[in-house]
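Structure assessment
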Amino acid sequence: MQPNKDLINFDVIVIGAGAAGMMCAAQAGQRGRRVLLIDHAAKIGERIRISGGGRCNFTNRDIRPENFLSRNPHFARSALAQFTQFDFIKLIQRYNIAYHEKTLGQLFCDDSAKQIIDMLRAECDLGGVRWAQPCQVHTVRAGVGAAAAGFTVKTDQGEFTGQSLVIATGGLAIPQLGASPFGYKIAEQFGLPIIAPQPALVPLALAPETLDSLKTLSGTAIDVISHCEGQPVHFRESLLITHRGLSGPAILQISSYWQNQAYSTAKSSQKPGNKKQPISLNLLPDLDVSDWLQEHRQSKSNLTTLLSAFWPKRFAQEWCALLQWQKPMAEHSNKDIAAMLDALTAWKIMPAGTLGYAKAEVTLGGIDTNALSSKTLETKSVPGLYVIGEVVDVTGWLGGYNFQWAWSSGWVAGQHA
Ligand SMILES: Cc1cc2nc3c(=O)[nH]c(=O)nc-3n(C[C@H](O)[C@H](O)[C@H](O)COP(=O)(O)OP(=O)(O)OC[C@H]3O[C@@H](n4cnc5c(N)ncnc54)[C@H](O)[C@@H]3O)c2cc1C
């Protein structure tokens, strides 16, 4: 008996049923394309399920290309404009998913991230998408039978063919959630350049001696502005000192830029191998610290007491003890006051590294956007091959930006694949 051709020959094969892959499959299916969606994991959308503390920060009201890191900072512009945050919000509203805005434009489900997964599944059903899951992909070949066009995908569920192939297998963060280097391997196979992947939106590790000096501050948090010298951004968010290093949103945000220095210094034609710059923290973001120090220049109070008006008492005590500023302000030298100004407005800490993919939220770098059309996400050198989502060298800030890139790039490829 001949196998049922409808079950092996497709117009579009999407590998990776995460945020980008499901959006793409649903769109292509709703255009009338016969779509197969393959994932090796037993459960789909795991990253969506655990995101935003189980409520999924699915987008941000304010999405701009500047909220993304990429070697080509303009690349994301077209996809983000073709399918915007407002388009995604409309979709959410169509499914009656209640949501709310947290800080900084971040939108979360009121109830559960599972609602987003169910919505994407329903969208795939509307497009008649077929699923192969859990399904291991063994090989991918360009060319179907004797024809030069199309792709053959060999899996543990048999061989499938498709005119278009979409790679949506994400990055390397949190390997327990099914992350794999599949996308990078396919890129190598088809000769697509890769920007070295690195963990991003990740806590920063400190050298043992720095960690030791900060151990009394472990478990404390304050609001700061984080910055990394030579990088174009500042983040006003919370800093958390942990027993392993630095964390909290202010650190996760700046970690991507700290990691990014390797290629931004290369771009500015400095010698490769330049040392990374430390991160810099403004510990009193709401104050003109210079004026404030002058105001208290002759005070009988010590710095700990004065800082306790702004910080948790323990942070003030331990930070001042660390820097040995414990006597009354009036007894400090002008040199001390200048050092206080520096330390309070630009406390410099040199991370020893990051806590790695196990603790990262995303992967910086990936398939070089130079190899892709920004309008369609199709590769320039292999007709019919598309790459979307986190596997591409486009990395968003914390705050719903990474999902928006997944929705936008998935939607765009879904119109063309
Ligand atoms: C803990 C955590 C919380 C996060 N919270 C947020 C948030 O609130 N807001 C936000 O915007 N972003 C958040 N992110 C980032 C966001 O989840 C990702 O950027 C987004 O999911 C990327 O979508 P994607 O479709 O490219 O990849 P993924 O969603 O990772 O999907 C990739 C899919 O490919 C499959 N796959 C991988 N390898 C293979 C293979 N070899 N064969 C077959 N299938 C394969 C995987 O099983 C997975 O289903 C969070 C990330 C983490 C880790």
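Residues numbered from 1 in each chain as written. Predicted model: local features only at pLDDT ≥ 70, side-chain atom pairs only at ≥ 80, totals over all residues. Heavy atoms only, no water.

Attention shifts here to the overall build of the protein chain. Within the protein chain, the secondary structure is distributed over 13 helices and 21 strands. By its C-alpha atoms, the protein chain is 95 × 50 × 35 Å across when sized along the principal axes. Residue pairs at least 24 apart in sequence account for 71% of intrachain contacts in the protein chain once pairs closer than 6 positions are excluded. Summed over all atoms, the accessible surface of the protein chain reaches about 18,100 Å², with 52% contributed by carbon and sulfur. Computed over 38 positive and 34 negative side-chain charges, the inter-centroid distance for the protein chain is 4 Å. (Helix = DSSP H or I, 4+ residues; strand = E, 2+ residues; numbered from the N terminus. Contact = heavy atoms within 4.5 Å. Areas by Shrake-Rupley, 256 points an atom, 1.4 Å probe, with all protein chains shown as cover. Lys, Arg positive; Asp, Glu negative; His and termini not counted. Charge placed at Lys NZ, Arg CZ, Asp CG, Glu CD.)

By nearness alone, 30 residues border the ligand, and Ala-20, Asp-39, Ser-180, Glu-390 and Phe-403 come closest of all. Between the ligand and Gly-52 there is a distance of 3.4 Å, counted from an oxygen atom to a backbone nitrogen or oxygen. In isolation the ligand offers 1,000 Å² of accessible surface; the protein chains occlude 93% of this area. At the level of secondary structure, the elements contributing two or more residues to the shell around the ligand comprise helix 1 (19–30), helix 2 (46–50) and helix 13 (401–416). (Near = heavy atom within 4 Å. Polar contact = N/O pair within 3.5 Å; in protein donor to acceptor, adjacent residues only side chain to side chain.)

Ordered by their spatial adjacency, 3 strands build an open sheet running 3-6-5, and the pairing between neighbours is antiparallel. Looking at the sheet topology across the chains shown, the edges are occupied by strand 3 (57–60) and strand 5 (99–101). Taking the axes of each pair of neighbouring strands and ignoring which way they run, one obtains an average angle of 30 degrees across the sheet. Relative to strand 6 (residues 106–109), strand 3 runs antiparallel, the two being bridged by 3 bridges. (Pairing = 2+ DSSP bridges. Axes fitted to C-alpha atoms, helices over the stretch in contact; angles between N-to-C directions.)

By definition, the strands of a sheet pair up through backbone hydrogen bonds, in either a parallel or an antiparallel sense. On the basis of which strands lie adjacent, the open sheet formed by 7 strands has the order 17-16-13-14-15-12-18 and antiparallel pairing. Across the chains shown, the open sheet's two edge strands, defined by having one partner strand only, are strand 17 (347–349) and strand 18 (353–354). Relative to strand 18, strand 12 (residues 204–205) is paired through 2 bridges, and the arrangement is antiparallel. Paired with Ala-205 across the bridge in strand 18 is Gly-353. Sheet strands touched by helix 12 (residues 334–345): strand 16 (279–282) and strand 17. Its angle to strand 16, the strand with the most contacts, is close to 105 degrees.

Attention now goes to the nonpolar core. Ranked by size, the top nonpolar core spans 130 residues in total, and within it Trp-319 and Trp-407 carry the most contacts. Counting residues in hydrophobic clusters, the runner-up holds 5 residues, among them Ala-173, Ile-174, Leu-177 and Ala-360. (Core = buried A, V, L, I, M, F, W, Y, C linked by side-chain atoms within 4.5 Å. Buried < 20%, exposed > 50% of the residue type's maximum accessible area, 1.4 Å probe, protein only.)

With respect to the helices and strands, the residue Asn-60 is situated in strand 3. A polar contact is formed between the side chain of Asn-60 and the side chain of Tyr-401, at a distance of 3.2 Å. Sequence-distant contacts of Asn-60, defined by excluding residues within four places in its chain, comprise Gln-85, Leu-104, Gly-105, Gln-106, Gly-399, Gly-400 and Tyr-401.

Turning our eyes to something else, we now look at the packing of helix 1 against helix 5 (residues 114–126). Packing of helix 1 against helix 5 brings their axes to within 7 Å, and their N-to-C directions diverge by 25 degrees. Judged by the inter-axis angle, helix 1 sits roughly parallel to helix 5. Crossing geometry of helix 1 relative to helix 5 is assigned as left-handed. Each of Met-22, Met-23, Ala-25, Ala-26 and Gln-30 in helix 1 lies in contact with helix 5, whose residues at this interface are Leu-120, Glu-123, Cys-124 and Leu-126. Among the residues making up the contact of helix 1 with helix 5, the classes are represented as 7 nonpolar, 1 polar and 1 charged. (Parallel < 35°, antiparallel > 145°, perpendicular 65-115°, else oblique. Left-handed = near helix turned anticlockwise from the far one by under 90°. Nonpolar A, V, L, I, M, F, W, Y, C, P; charged D, E, K, R; others polar.)

Residues of the protein chain with pLDDT of at least 70 account for 95%, and the chain-wide mean is 94. Scored below 50 in pLDDT, residues 265–273 shows 3 contacts in the model against residues more than four places distant or in partner chains. (pLDDT = per-residue confidence, 0-100.)

Across its 12 residues, helix 12 extends 17 Å between first and last C-alpha, which sits within 8% of the 16 Å expected from 1.5 Å per residue. Taken together, the buried positions of helix 12 are Ile-337, Met-340, Ala-343 and Leu-344. The buried residues of helix 12 occupy an angular sector of 125 degrees when the element is viewed end-on, so they sit on one face. Opposite the buried face of helix 12, at more than 90 degrees from it, the exposed residues are Asn-334, Lys-335 and Asp-342. Looking at the buried residues of helix 12, the elements they touch are strand 16, helix 9 (289–295), helix 10 (303–307), helix 11 (313–323) and strand 17. (Expected span 1.5 Å × (residues − 1). Arc of directions from axis to C-beta.)

Now for the pairing of strand 9 (residues 151–155). Summarising burial for strand 9: 4 of the 5 residues are buried, a large majority. Where strand 8 (residues 137–142) meets strand 9, 5 bridges bridge the pair, whose relative direction is antiparallel. Note on strand 9: the bridge partner recorded for Thr-139 is Lys-154. Pairing of strand 9 with strand 10 (residues 158–167), which is carried by 5 bridges, proceeds in the antiparallel orientation. Along strand 10, the bridge assignment pairs Phe-151 with Gly-162. Here strand 9 hands over to strand 10 after 2 residues, the two strands then running antiparallel side by side.

Counted residue by residue, strand 1 (residues 9–15) has 6 buried out of 7 residues, so it is predominantly covered. Alignment of strand 1 against strand 10, held across 6 bridges, turns out to be parallel. Looking across to strand 10, one finds that Ile-15 is bridged to Ile-167. Where strand 1 lies against strand 2 (residues 35–38), 4 bridges are found, and the strand directions are parallel. Residue Val-14 lies in a different strand from strand 2, and its bridge partner there is Leu-37. With helix 1 bridging strand 1 and the parallel strand 2, this β-α-β connection has right-handed handedness. (Right-handed = clockwise from strand over helix to strand, strands pointing away.)

Let us now look at the packing of aromatic side chains. For the structure on display, the rule yields 17 aromatic pairs. Ring geometry for Phe-88 and Trp-407: centres 4.3 Å apart, planes at 5 degrees, overall stacked. Here the residue Phe-88 occupies a position in helix 4 (residues 85–94), and Trp-407 occupies one in helix 13, the gap between them amounting to 319 residues. For the pair Phe-88 and Trp-407, one class covers both residues: buried. (Phe/Tyr/Trp six-rings, centres within 6.5 Å; stacked < 30°, edge-to-face > 60°.)

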